[in-house]
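As a plain string of letters, each chain reads:
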Amino acid sequence: MSLQERDKKHLWHPLTQHKLHPETIAITKAKGCVLTDENGNNYIDAIASWYTCMYGHCNDYITSRVSTQMQQLDQVVFSGFTHEPAIKLSEALIKILPNNQNKIFFSDNGSTSVDVGIKMALQYHFNNGEKHNTLIAFEDGFHGDTFGAMSVSGLSVYNGPFEDYFLDVKRIPTPNGENHEAILKALQDIIANNKVAGFVYEPLVQGASAMKMHDASGLNSILQFCKENNVITVADEVMTGFGKTGKHFASFYMETKPDIMCLSKALTGGLLPMALTTCSQDIYDVFYSDDISKGLFHGHTYSANPLACTAALASIELLRSEDIQNNINAITASHQVFGNHIKNHPKVKSIRQMGIIFALDLNVEMQRYGNLRDKLFKFFMENGVFLRPLGNTIYIQAPYVITKEQLQKVYQVIEDALEIL
């Protein structure tokens, strides 16, 4: 039996209705930007496997570092213990984070990093003797699939059966350069009528919302308003972090920095699962007490796994390297050229770009998981490119190590796909 056939016996895949989509593609090898399936077919991974493998699959620099580490220390409890990989990672990370970030809390995936951020915001007020039980979030945001993260997410396609169980969340529009004052008025009304603990947001790019992008100056105004009103700001940089927007973190585009940041995905270069929630010293100090109940009692068995920490440290070193920074600039420039070439195509409704993130909206009505979307996905795969459309949006978030030839093939396959619509 093939891997594809064996898969059907026991496995339940994410975001999949198996009765409608019983088939999976069995990948047996990955290197650089290329995935290889069990039949020997190759696919350019143009979304870096959900934005994780930004330095390429099985990156030799990362894997060799982890291989060495696993001979020394594989796993140890992080409650009451520490180790050098976690310490070295914290020192490296603090150097590239916004300068108000000073403490790092480990978890194991993006969703849980957001849950930790929400808990920090809620308990911050609780520890100060106040009960603040309302959160603010953007419309159409997505922050993950655990309950806290789902609560602040606005995409009902993921949340439908669970919405009656969510935290209290008030939603505001994303700033578009023209609606700043209306948003600030809405915020003023929300804060006046609710005990608001925090504002959870994806800075500048809403990933699952088809790479919807918003205005930096407007977001800065929102963050400043929150700061003036003691609303804790929680930046979900799980998708945007580690260079994808052109800066190490999207938060650098705003003058007002978040109180808390959530990081995962490209953190470990896609090699191992890990997440971080970072915060300012001011947030941490409210938990620092002789009263044990004021501590943050949240923990994961694999928190600060030494192998994942080593992968993350190697990834940060790559991110800061001249080669990777040059590649980021080159991909950004290449996307701009492609965008100018394709934007006037009759099948293209609009384009947008930030750093290496490129998105194209088709001038066609499509369901997020409908037949036409499936037709597009099949076309891309049959032509050797792994792209995963979000409804009528095609987006690229390729590894930083993609070659010029590979990137041109991605562009050409997208252009060819327009002819089948």
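Residues numbered from 1 in each chain as written. Predicted model: local features only at pLDDT ≥ 70, side-chain atom pairs only at ≥ 80, totals over all residues. Heavy atoms only, no water.

Engineer: Even after reading the chapter, I still don't get the overall build of the protein chain, so can you show me in this structure?
Structural biologist: Helix and strand counts for the protein chain come out as 14 helices and 16 strands. For the C-alpha atoms alone, the extent of the protein chain along its principal axes is close to 60 × 55 × 45 Å. Here the protein chain holds 421 residues, and the buried ones make up 53% of them. A separation threshold of at least 6 residues defines the contact pool for the protein chain, and within that pool the share at least 24 residues apart is 71%. Put simply, the protein chain shows about 19500 Å² of open surface, and 50% of that area lies on carbon and sulfur atoms. Once the 35 positive and 44 negative side-chain charges of the protein chain are each reduced to a mean point, those two points are 3 Å apart. (Helix = DSSP H or I, 4+ residues; strand = E, 2+ residues; numbered from the N terminus. Buried < 20%, exposed > 50% of the residue type's maximum accessible area, 1.4 Å probe, protein only. Contact = heavy atoms within 4.5 Å. Areas by Shrake-Rupley, 256 points an atom, 1.4 Å probe, with all protein chains shown as cover. Lys, Arg positive; Asp, Glu negative; His and termini not counted. Charge placed at Lys NZ, Arg CZ, Asp CG, Glu CD.)

Engineer: What am I meant to see in the sheet that holds strand β10 (residues 232-236) here?
Structural biologist: Read across the open sheet, the 7 strands follow the order β4-β12-β11-β10-β7-β5-β6; overall the sheet is mixed. With partners counted over all chains shown, the strands left at the sheet margins are β4 (101-107) and β6 (168-172), one partner each. Geometrically, the sheet is characterised by an average inter-axis angle of 20° between neighbouring strands, direction not taken into account. Bridge count between β10 and strand β11 (residues 260-263): 3 bridges; the pairing is parallel. Paired with alanine 235 across the strands is methionine 261, a residue of β11. Together, β5 (134-138), β6 and β7 (196-201) form the strand contacts of helix α8 (residues 180-193), whose direction differs from that of β6 by roughly 160°. (Pairing = 2+ DSSP bridges. Axes fitted to C-alpha atoms, helices over the stretch in contact; angles between N-to-C directions.)

Engineer: Honestly, the pattern of salt bridges in this entry has me stumped. Any pointers?
Structural biologist: In a structure, side chains of opposite charge can pair up when their charged atoms sit close to one another. For the structure shown, the criterion picks out 10 salt bridges. The salt bridge partner of lysine 170 is aspartate 168, with a shortest N-O separation of 3.5 Å. Residue class for lysine 170 comes out partly exposed when judged on its relative accessible area of 28%. (Salt bridge = Lys/Arg side-chain N within 4 Å of Asp/Glu carboxyl O.)

Engineer: Help me understand the environment of isoleucine 62 in this model?
Structural biologist: Mapped onto the elements of the fold, isoleucine 62 is located in helix α3 (residues 60-69). When its relative accessible area of 2% is taken as the criterion, isoleucine 62 is described as buried. When the C-alpha positions of isoleucine 62 and leucine 313 are compared, they lie 8.7 Å apart, and in sequence the two are 251 residues distant. Leave out the neighbours within four places in its chain, and isoleucine 62 touches Tyr55, Thr268, Gly269, Leu271, Ala311, Ala314, Ser315 and Leu318.

Engineer: Before we go on, may I ask you to explain the environment of phenylalanine 105 in this structure?
Structural biologist: Along the chain, the position of phenylalanine 105 falls in strand β4. Dropping the residues within four chain positions of it, phenylalanine 105 is found in contact with Val116, Met120, Ala275, Leu276, Thr277, Leu296 and His298.

Engineer: Which parts of the structure should I look at to understand the confidence of the model for the protein chain?
Structural biologist: Fine structural detail should not be taken from predicted coordinates in areas where pLDDT scores are low. In this model, the protein chain carries an average pLDDT of 96, and 100% of its residues clear a pLDDT of 70 or more. Least confident of the elements in the protein chain is helix α7 (residues 156-159), whose mean pLDDT is 72; most confident is β10, at 99. (pLDDT = per-residue confidence, 0-100.)

Engineer: Quick question: what am I supposed to make of unusual backbone geometry here?
Structural biologist: Where the residue is not glycine, phi is negative for most of them; where a peptide bond is considered, it is trans in most cases. Of note in the backbone geometry, alanine 48 takes a positive phi value of approximately 50° without being a glycine. Mapping alanine 48 onto the fold places it in helix α2 (residues 48-51). Even without a glycine there, the phi angle at asparagine 230 is positive, about 60°. By secondary structure assignment, the location of asparagine 230 is in the loop between α9 (216-228) and β10.

Engineer: What exactly am I supposed to notice about the nonpolar core here?
Structural biologist: One broad trend across soluble globular proteins is that nonpolar side chains are buried collectively. In this structure, Phe199, Phe242 and Leu387 are the most contacted members of the largest nonpolar core, which totals 99 residues. Looking at this core, the element that brings in the most residues is helix α11 (residues 306-319), giving 10 residues. If sequence neighbours within four positions are ignored, phenylalanine 242 has contacts with Tyr55, Leu93, Ile96, His248, Phe249, Leu263, Ser264, Ala266, Leu267, Ile316, Leu319 and Tyr400. If you look at the next biggest cluster of nonpolar residues, it comprises 23 residues, including Ala137, Ala149, Val200 and Leu296. (Core = buried A, V, L, I, M, F, W, Y, C linked by side-chain atoms within 4.5 Å.)

Engineer: I'm lost on the packing of helix α13 (residues 371-382) against helix α14 (residues 404-417) in this one. Help?
Structural biologist: Helix-helix packing: each pair is described by the crossing angle between the helix axes and the interaxial distance. Contact geometry for α13 and α14: axes closest at 10 Å, N-to-C directions at 140°. Judged by the angle between their axes, α13 and α14 are oblique. In the packing of α13 onto α14, the handedness of the crossing is right-handed. Taken together, the residues of α14 that come into contact with α13 (itself represented by Leu376, Phe379 and Phe380) are Val413, Ile414, Asp416 and Ala417. (Parallel < 35°, antiparallel > 145°, perpendicular 65-115°, else oblique. Left-handed = near helix turned anticlockwise from the far one by under 90°.)

Engineer: Got a minute to help me understand the packing of aromatic side chains in this structure?
Structural biologist: Any pair of aromatic rings gets described here by the distance separating the centres and the angle formed by the planes. Applying the stated criterion across every chain yields a total of 14 aromatic pairs. With 6.4 Å between their ring centres and 40° between their planes, phenylalanine 249 and phenylalanine 252 make a pair best called tilted. Note on phenylalanine 252: relative accessible area 32%, which makes it partly exposed. Arranged with centres 6.3 Å apart and planes meeting at 85°, the rings of phenylalanine 377 and phenylalanine 386 form a pair that is edge-to-face. Grouping aromatic residues by their ring pairs yields a cluster made of Phe138, Phe199 and Tyr201. In this structure, lysine 103 is placed above the aromatic ring of tyrosine 284, and the distance from its NZ or CZ to the ring centre is 4.5 Å. Positioned over the ring face of tyrosine 253 is lysine 247, at 5.0 Å from the centre of the ring. (Phe/Tyr/Trp six-rings, centres within 6.5 Å; stacked < 30°, edge-to-face > 60°. Lys NZ or Arg CZ within 6 Å of the ring centre and 35° of its normal.)

Engineer: When you look at the packing of α8 against α9 in this model, what are you seeing that I'm missing?
Structural biologist: Running from N to C, α8 and α9 cross one another at 20°; their axes reach a closest spacing of 10 Å. One way to sum up the angle between α8 and α9 is to call them roughly parallel. As α8 packs across α9, the resulting crossing turns out to be right-handed. Mapping the contact onto sequence places His180, Ile183, Leu184, Leu187, Gln188 and Ile191 in α8 and Ser217, Gly218, Ser221, Ile222 and Phe225 in α9. For the contact of α8 with α9, a count of residues per class yields 6 nonpolar, 5 polar and no charged. (Nonpolar A, V, L, I, M, F, W, Y, C, P; charged D, E, K, R; others polar.)

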